[in-house]
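The chain contents come next:
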Amino acid sequence: MSIQMDPFDQAGAVTMWGEVTSIDVTDMDGDPNLVIDPAAGFNVKVSWYVDGNAYPNYLAAEAFNWRVRIFLESLGPGTDVLIGTVNVPRAATVPAGATNPWTYEAVVNVPPAAAAALEDDAMGGSGIWKVIGDVWLNSSIAGGIGDVTGFIEGPAIRVESRA
């Protein structure tokens, strides 16, 4: 399931822009639906792009990588959780002949042990979760464009054992 979102929030001049374009949950139990078997785990894939004439200079000057975090918001009683983080290289230089926009993708793997903690009543909740993606590039450029971040809301999932 893909869900569109608003463009990246950024500080400074609007000479670069981007958007988190999709968030997809893959149920790893062979039954492609939004009921997750904790024994199999699941993956969350986030895709985004950045465009604009300032981006190549931003890439060359920046020291940090993109960071993608996946949060699960409990629907009903329960505690919200950060379920996984992955760093994505920002590409220090733009390859010769590269064209805009620059596209990125990250996959956060949620292994069975982590998925089991999300099951109904395991954390005092319903076992139903809203998936939220956070894409962030922490800027160290003084007086420049600043940090870049984007968010996307994904589908609701249920974590429940087949037993």
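Before reading on, note that the structure itself is shown above.
Residues numbered from 1 in each chain as written. Predicted model: local features only at pLDDT ≥ 70, side-chain atom pairs only at ≥ 80, totals over all residues. Heavy atoms only, no water.

A. View of the packing of aromatic side chains. Summed over the entire model, instances satisfying the criterion amount to three aromatic pairs. For the pair Trp48 and Tyr104, a centre-to-centre distance of 5.4 Å together with 10° between the ring planes defines the contact as stacked. Here the residue Trp48 occupies a position in strand β4 (residues 42–51), and Tyr104 occupies one in strand β7 (residues 102–110), the gap between them amounting to 56 residues. Comparing Trp48 with Tyr104 shows no difference in burial state: the two are buried. (Phe/Tyr/Trp six-rings, centres within 6.5 Å; stacked < 30°, edge-to-face > 60°. Helix = DSSP H or I, 4+ residues; strand = E, 2+ residues; numbered from the N terminus. Buried < 20%, exposed > 50% of the residue type's maximum accessible area, 1.4 Å probe, protein only.)

B. Geometry of the nonpolar core. Counting 36 residues, the largest nonpolar core has Phe42, Val46, Trp48, Tyr55, Trp66, Ile70 and Tyr104 as the members making the most contacts within it. Secondary-structure elements contributing two or more residues to this core are β2 (17–27), β4, α1 (55–61), β5 (66–74), β6 (81–88), β7, β8 (128–137) and β9 (148–159). (Core = buried A, V, L, I, M, F, W, Y, C linked by side-chain atoms within 4.5 Å.)

C. Main features of the sheet that holds β7. Ordered in space as β2-β4-β7, the three strands form an open sheet in which the pairing is antiparallel. Sheet topology places β2 and β7 at the edges, where each strand pairs with a single neighbour. Across the sheet, the mean angle from the axis of one strand to that of its neighbour is 15°, orientation sign disregarded. Relative to β4, β2 runs antiparallel, the two sharing ten bridges. In the sheet register, Val20 faces β4, and the bridge partner there is Trp48. (Pairing = 2+ DSSP bridges. Axes fitted to C-alpha atoms, helices over the stretch in contact; angles between N-to-C directions.)

D. How the structure looks around the pattern of salt bridges. Considering all chains together, one arrives at four salt bridges under this definition. A salt bridge links Lys45 to Glu105, with the shortest nitrogen-to-oxygen separation between them at 3.8 Å. Of this pair, Lys45 sits in strand β4 while Glu105 is found in strand β7, placing the two residues 60 residues apart along the sequence. Measuring nitrogen to oxygen at the nearest pair gives 3.8 Å for the salt bridge that ties Arg158 to Glu160. For Arg158, a relative accessible area of 31% translates into the label partly exposed. (Salt bridge = Lys/Arg side-chain N within 4 Å of Asp/Glu carboxyl O.)

E. Layout of the pairing of β6. The sheet contact formed by β5 and β6 spans seven bridges and is antiparallel. Residue Ile70 lies in a different strand from β6, and its bridge partner there is Gly84. In sequence, β5 turns back onto β6 through a hairpin of six residues, with Gly76 there showing a positive phi of about 95°.

F. Structural context of the environment of Trp66. If you trace the backbone, Trp66 turns up in strand β5. Sequence-wise, Trp66 and Leu137 are 71 residues apart; in three dimensions their C-alpha atoms are separated by 4.7 Å.

G. Seen up close, the side chain of Asp27. Looking at the element boundaries, Asp27 is found in strand β2. Looking at Asp27, the relative accessible area reads 9%, which means it is buried. When residues no more than four places from it in sequence are discounted, the contact partners of Asp27 are Asn33, Val35, Ile36, Asp37, Gly41 and Phe42. (Contact = heavy atoms within 4.5 Å.)

H. Highlighting the pairing of β5. Of the two faces of β5, only the one carrying Trp66, Val68, Ile70, Leu72 and Ser74 is buried; Arg67, Arg69, Phe71 and Glu73 on the other face are not. Bridge analysis of β5 against β8 gives nine bridges, and the strand direction is antiparallel. Its bridge partner being in β8, Leu72 is matched across the sheet by Val131.

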